[in-house]
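As a plain string of letters, each chain reads:
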Amino acid sequence: MTTTRARRPARRGRPPEAERAARRDALLATAQQLFLRLGFGRTTIDAVAAEAHVAKRTIYDTVGDKADLFVAVVRRLSDQVLAALPAPDSPTGRDDLRDFSRTLLGALLTDEAVGMKRLMIAEAGHFPEIAERLYDNGPHRYIEMLRALLPPCLPDATDAELDSTAEDLFAGLLGEPHRRRLFGVAPAPTPEETAVQVDRVLARFLPTES
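All of these numbers come straight from a predicted model, not from anything done at the bench. (Residues numbered from 1 in each chain as written. Predicted model: local features only at pLDDT ≥ 70, side-chain atom pairs only at ≥ 80, totals over all residues. Heavy atoms only, no water.)

Draft legend 1. Main features of the packing of helix H7 (residues 128-137) against helix H8 (residues 139-149). Running from amino to carboxyl end, H7 crosses H8 at an angle of 35°, the nearest separation of the two axes being 3 Å. Here Leu134, Tyr135, Asp136 and Asn137 of H7 come into contact with H8, specifically with Pro139, His140, Arg141 and Ile143. The residue inventory of the contact of H7 with H8, partitioned by class, reads 4 nonpolar, 2 polar and 2 charged. (Axes fitted to C-alpha atoms, helices over the stretch in contact; angles between N-to-C directions. Helix = DSSP H or I, 4+ residues; strand = E, 2+ residues; numbered from the N terminus. Contact = heavy atoms within 4.5 Å. Nonpolar A, V, L, I, M, F, W, Y, C, P; charged D, E, K, R; others polar.)

Here you go:
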């Protein structure tokens, strides 16, 4: 007698959270490529949908309109930067700040990050309604992380002093290397060059180690 194995019913319902997150990440990666290749104005939801092999409705339901998509791409980049270094809940001092600063600077001087920064600057003037969202989901998140790592390094600083130091430190870390990258007159730095830049800047902001 032949037995027939019962066919397993097709899975129905919403996909698991991990699968949804992976699909969203793939969609944002595709959108970033198109924004970098075509610019904000020439990138359309139709083009992203076709390139990502999804329905337009999927983009609207998952992320939103084109402005939302652009902000989500910026947010994805900052998520990747912040996830690159698992910072401790209680920062221990200069080593944590140095390690994060090197990770941050190296990530923000890549071709992809520099290309997105050019787009952010260009579109902020045309679309002021999304400029603050772009800042909050990009630079402001990096400054907040630096601010969280500063107290052990500057134990006597007030909250206001830590706030301003974090902003100044972020600007100092980027400095001329970032400006040269924006103008396209310098290649991405090596890890060794990034380390030298970070150490030079931290020496200006932190007390000398005894």
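From this point, things continue past the structure.
Draft legend 2. Seen up close, the pattern of salt bridges. As enumerated under the stated definition, the model contains 15 salt bridges in all. The salt bridge partner of Arg181 is Asp111, with a shortest N-O separation of 2.6 Å. With a gap of 70 residues between them, Arg181 in helix H9 (residues 159-182) and Asp111 in helix H6 (residues 111-126) connect regions that are remote in the sequence. With a closest N to O distance of 2.7 Å, Arg179 and Glu176 form a salt bridge. Residue Arg179 and its partner Glu176 are located together in helix H9, separated by 3 residues, close to a single helical turn. In the salt-bridge network here, residues are joined through shared partners; they are Arg75, Asp79 and Arg141. (Salt bridge = Lys/Arg side-chain N within 4 Å of Asp/Glu carboxyl O.)

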